[in-house]
Amino acid sequence: MYSLIPSFSPPEMAGIFPQDPALPIGSTLTATCSVSPDLGLHASSLFWSLNGRRLPSSSYSVLSPTALSVTLPGLPASRQRSGDNLVCHNHGGHVLAGSCLYIGMPPVKPVNLTCWSRNTKDLTCRWAPGGQGETFIKTKYTLKYKLRWYGRERECEEYNAAQPYSCYIPRDLALFTPYEIWVEATNLLGSATSDVITLDILDVVTTDPPSGVSVSRVGNLEDHLSVRWESPPALKDFLFQAKYQIRYRLEDNSDWKVMDDVGNQTSCRLAGLRPGTVYFVQVRCNPVGIFGSRRSGIWSEWSHPTAASTPHSERVLSGSCDSKSGDSNSTLRRELKQFFGWVRNHAYGCGGMSIKLYDQWRVWMQKSHKTRNQVLQGDKS
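Summarised in this report is the structure supplied together with it. Keep in mind the model is a prediction, meaning the values are calculated, not measured.

Turning our eyes to something else, we now look at the overall build of the protein chain. Across its full length, the protein chain holds two helices and 26 strands. For the protein chain, the share of sequence-separated contacts (at least 6 apart) that also reach a separation of at least 24 residues comes to 65%.

Set out below in structure tokens:
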């Protein structure tokens, strides 16, 4: 229970004590409104309001002819971070004095602190508030950092209002030496500090997504699409070897399939797709070994989706019940499965001479099969 009944101190004509207190949720507060005798007001004529709502007189106590107290049990969290307004009025409703009540919780240790650099010269860090993330009163988060073995403690200064739990360090960062980084959270009820993370700038480099992503058909191959892209321009001047990932999905499906074995090339062939179908494709990049770093960087965001469709299949004959045609289709599928299995066993990633040979073989098989179907249709007519 919090209360204070001080003597009145001129030259103020009225005042509330305690002034602007910070209290934990559930606290009981007794506040006192003291008025100057020069006002000619008796305490019994005064009343209290909280956030514009008049408080019941049963919660008042007349302490003296010039002092009226109010007791507020089990205070809930403040409705706004700027505090709740407790006001003392005269009998006509005129405001005599006011006080802000900050009812909330002390901060909990911030968690999930992560940092990344887009060009090896800057650093962006993001974290999450601990616990349920809400203290109900204004809480300040400060990102601090220092070189691990020497150097003074420094504070990040560029905070993003749109992302309250992040900060940007634009310059004056050292390479080839680790930093210690942490976050301190403070408010009127206490403070808390995150765990300290240690990192080297070169180990947390990321890039913009690959640009110029294009998806196209591969001739008449009905289950193939070719994907091409450009390396992120921001890191072209650095010594690194990028690796890429591709993901793709059907137009009417939200599930993505990810290809992890693309390697460092800037093109790839998607195989085994559904004929006559629209696919959405995205690419992302991970810079590896910048300036000799032994660790992979951080994956970029995915590129904007790019759409393309596979050719329609020419193998299906409408209304055909010819058993020989069905047998040849089964034989073709079996041969394709065998050959594609051979390709997977002898080719890595998305490129290689084996894919080119496979394309030539597929085109020949499709043309041969189309010729056989035309002969079958001619016999029936």
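Considering all chains together, one arrives at three disulfides under this definition. Each disulfide pairs two cysteine sulfurs, and for Cys 33 the partner residue is Cys 88, the sulfurs being separated by 2.1 Å. Residues Cys 33 and Cys 88 are joined through a disulfide that is left-handed, its torsion about the S-S bond being -80°. Of this pair, Cys 33 sits in strand 4 (residues 29–35) while Cys 88 sits in strand 9 (residues 84–89), and the two are 55 residues apart along the sequence. Under the relative-accessibility criterion, Cys 33 is labelled buried at 0%.

Spatially, the five strands line up as an open sheet ordered 3-10-9-5-6, and their pairing is mixed. The sheet is open, and its two borders are formed by strand 3 (22–24) and strand 6 (53–54), each paired with just one other strand. Strand direction decides the pairing type here: strand 9 and strand 10 (residues 95–104), joined by six bridges, are antiparallel. Looking at the pairing, Asn 85 lines up with Cys 100 of strand 10.

What follows deals with the packing of aromatic side chains. Taken as a whole and judged by the stated rule, the model has five aromatic pairs. Each residue in the set Trp 127, Tyr 141 and Tyr 165 is aromatic and connected to the rest through ring pairs, giving one cluster. Between the NZ or CZ atom of Arg 54 and the centre of the ring of Phe 47, over which it lies, the distance is 3.8 Å. Across the ring face of Trp 256, the terminal group of Arg 247 is positioned such that the distance to the ring centre comes to 4.3 Å.

Pairing of strand 22 (residues 241–250) with strand 23 (residues 257–263) involves four bridges; the strand directions are antiparallel. Across the sheet, residue Tyr 248 finds its bridge partner in strand 23, namely Lys 257. Where strand 22 hands over to strand 23, the hairpin turn is made up of six residues, counted between the paired strands.

Our focus in this paragraph is unusual backbone geometry. Among all residues save glycine, negative phi is the norm, and among peptide bonds the norm is trans. Cis rather than trans, the peptide bond between Phe 17 and Pro 18 has omega equal to 0°. Positionally, Pro 18 belongs in the loop between strand 2 (14–17) and strand 3. The phi torsion at Asp 20 lies on the positive side, around 50°, for a residue other than glycine. In this structure, Asp 20 sits in the loop between strand 2 and strand 3.

A word on the pattern of salt bridges. For the coordinates displayed, the defined rule picks out six salt bridges. The structure contains a network of salt bridges with shared partners spanning Lys 144, Glu 153, Glu 155 and Glu 184.

This brings us to the sheet that holds strand 16 (residues 163–169). In spatial order, the strands read 11-12-16-15; together these four strands make up an open sheet with antiparallel pairing. The sheet terminates laterally at strand 11 (111–116) and strand 15 (158–160), the two strands that pair on one side only. Neighbouring strand axes in the sheet, compared pairwise and without regard to direction, differ in orientation by 25° on average. Judged from the four bridges that link them, strand 12 (residues 123–128) and strand 16 form a sheet pairing that is antiparallel. Note that in strand 16 the partner of Thr 124 across the bridge is Tyr 168.

The next subject is the side chain of Ser 59. By the element assignment, Ser 59 lies in the loop between strand 6 and strand 7 (60–64). Judged by its relative accessible area of 16%, Ser 59 is buried. Setting aside anything within four residues of it in sequence, one finds Ser 59 in contact with Ser 69, Val 70 and Thr 71.

For the rest of this paragraph, the subject is the environment of Gly 92. The topology assignment puts Gly 92 in the loop between strand 9 and strand 10. Separated by 45 residues in the primary sequence, Gly 92 and Phe 47 have C-alpha atoms spaced 9.5 Å apart.

Time to look at the side chain of Asn 187. Tracing the backbone shows Asn 187 in strand 17 (residues 179–187). Reaching out from Asn 187, the side chain makes a polar contact with the backbone nitrogen of Leu 189 at a distance of 2.8 Å.

So, on to the environment of Gly 272. On the secondary structure map, Gly 272 appears in the loop between strand 24 (267–270) and strand 25 (278–288). A residue is classified by how much of its surface remains accessible, and Gly 272, at 58% relative accessible area, is exposed. Spatially, the C-alpha atoms of Gly 272 and Glu 222 are 9.0 Å apart, while their sequence positions differ by 50 residues.

What counts and what doesn't
- Residues numbered from 1 in each chain as written.
- Predicted model: local features only at pLDDT ≥ 70, side-chain atom pairs only at ≥ 80, totals over all residues.
- Heavy atoms only, no water.
- Helix = DSSP H or I, 4+ residues; strand = E, 2+ residues; numbered from the N terminus.
- Contact = heavy atoms within 4.5 Å.
- Disulfide = S-S within 2.5 Å.
- Buried < 20%, exposed > 50% of the residue type's maximum accessible area, 1.4 Å probe, protein only.
- Pairing = 2+ DSSP bridges.
- Phe/Tyr/Trp six-rings, centres within 6.5 Å; stacked < 30°, edge-to-face > 60°.
- Lys NZ or Arg CZ within 6 Å of the ring centre and 35° of its normal.
- Salt bridge = Lys/Arg side-chain N within 4 Å of Asp/Glu carboxyl O.
- Axes fitted to C-alpha atoms, helices over the stretch in contact; angles between N-to-C directions.
- Polar contact = N/O pair within 3.5 Å; in protein donor to acceptor, adjacent residues only side chain to side chain.

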